[in-house]
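Topology and contacts: notes
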Amino acid sequence: MTTTPETDADPKSEDLPPGTTPYYARMHRYIKRAVLVCLVALVIEGAFTLPFMAVYYGYPTLSLTEICSELLKVRYSDDTLECQVPYPAFGPPEGAEGKDTAQDEWGIQPVPKYHRIGFRELVRIHEEREARQTANEREARDAAEQEP
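Cut-off values and rules
- Residues numbered from 1 in each chain as written.
- Predicted model: local features only at pLDDT ≥ 70, side-chain atom pairs only at ≥ 80, totals over all residues.
- Heavy atoms only, no water.
- Disulfide = S-S within 2.5 Å.
- Helix = DSSP H or I, 4+ residues; strand = E, 2+ residues; numbered from the N terminus.
- Buried < 20%, exposed > 50% of the residue type's maximum accessible area, 1.4 Å probe, protein only.
- UniProt positions renumbered as here; feature names shortened; annotations may be inferred.
- Patch = residues over 30% accessible without salt bridge, like charges linked within 9 Å, V, L, I, M, F, W, Y side chains within 5 Å.
- Areas by Shrake-Rupley, 256 points an atom, 1.4 Å probe, with all protein chains shown as cover.
- Salt bridge = Lys/Arg side-chain N within 4 Å of Asp/Glu carboxyl O.
- Contact = heavy atoms within 4.5 Å.
- Axes fitted to C-alpha atoms, helices over the stretch in contact; angles between N-to-C directions.
- Parallel < 35°, antiparallel > 145°, perpendicular 65-115°, else oblique.
- Nonpolar A, V, L, I, M, F, W, Y, C, P; charged D, E, K, R; others polar.
- Phe/Tyr/Trp six-rings, centres within 6.5 Å; stacked < 30°, edge-to-face > 60°.

**As for the state of the cysteines**
- Following the criterion strictly, the structure yields 1 disulfide and no others.
- For C68, the disulfide goes to C83, at an S-S distance of 1.7 Å. Across the S-S bond linking C68 and C83, the dihedral sits near -75°, which makes this disulfide left-handed. In this pair, C68 sits in helix α2 (residues 64-76) while C83 sits in the loop between α2 and α3 (121-146), placing the two residues 15 residues apart along the sequence.
- Exposure remark for C68: the relative accessible area of 24% places this residue in the partly exposed category.
- With a relative accessible area of 13%, C83 lands in the buried category.

Below, the structure written as structure tokens:
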């Protein structure tokens, strides 16, 4: 009579991924499920964050590029900053050129000096900036016309 040698392996252990012992198999399964749920939640959150933030800042009135430019102007207190679209591949880090004009208190924990932007407040800021620029251009044109 021939017999096959018995192995110490659990029949269920053949189905386990490499590195998982039968003792921890259930814990690994719960960890995988939890990580999958967290990843799906992050993807859904990311998908809804940009549209809601764009509407909050004034999307239908301002384009995404204008919103980006207005945020840079407010953050760095510099009316000449503009978002570059498309951003140059080997350009400086975004905002690096405006860091010198920021009125923040720099230190271990920087303290921003710009105010918190409210719902659709960028639209008002943008319109005020355009009105100032138009008035300045009009004054310059009038001054040029008056000179003999």
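**Things to note about the UniProt feature "transmembrane region" (unreviewed entry) in the protein chain**
- Within the UniProt annotation, "transmembrane region" (unreviewed entry) is assigned to residues 34-59.
- Along residues 34-59 the backbone is 92% helical and 0% strand, and the end-to-end C-alpha distance reaches 35 Å.

**A few points about a nonpolar patch on the surface**
- On the surface, Y23, Y24, M27, I31, V35, L39 and L42 cluster together to form a nonpolar patch covering roughly 750 Å² of accessible area.
- Locating Y24 in the fold gives a position in the segment before α1 (25-57).
- Judged by relative accessible area, which is 41%, Y24 ranks as partly exposed.

**A closer look at the side chain of S69**
- Note on placement: S69 falls in helix α2.
- You can call S69 buried: its relative accessible area is 4%.
- In this view, S69 contacts L81, E82 and C83; residues no more than four positions away in its chain are not counted.

**Side note on the packing of α2 against α3**
- Two numbers describe how α2 lies on α3: the axes approach to 10 Å, and their chain directions differ by 80°. Judged on the interaxial angle alone, α3 and α2 are roughly perpendicular. The segment α2 lies against α3, with E66, I67, E70, L71, K73 and V74 engaging L122, I125, H126 and R129.
- Its residues assigned to classes, the contact of α2 with α3 comprises 5 nonpolar, 1 polar and 4 charged.

**Remarks on the packing of aromatic side chains**
- All told, the structure shown has 4 aromatic pairs when counted by the stated rule.
- Look at Y56 and F119: their rings are 5.7 Å apart centre to centre, the planes differ by 65°, and that puts the pair in the edge-to-face class. With Y56 in helix α1 and F119 in the loop between α2 and α3, this pair connects stretches of sequence that are 63 residues apart.
- Three or more aromatic residues link up through ring pairs in this structure, and these residues are Y56, Y57 and F119.

**Brief notes about the environment of F119**
- On the accessibility criterion, F119 (56% relative accessible area) is exposed.
- Residues F119 and M53, 66 residues apart in the sequence, show an inter-C-alpha distance of 9.6 Å.
- Filtering out sequence-adjacent residues up to four positions away, F119 remains in contact with V55 and Y56.

**Here's the deal with the environment of H115**
- Position of H115 relative to the elements: it lies in the loop between α2 and α3.
- A relative accessible area of 41% means that H115 is categorised as partly exposed.
- As a C-alpha pair, H115 and R75 span 40 residues in sequence and 8.9 Å in three-dimensional space.

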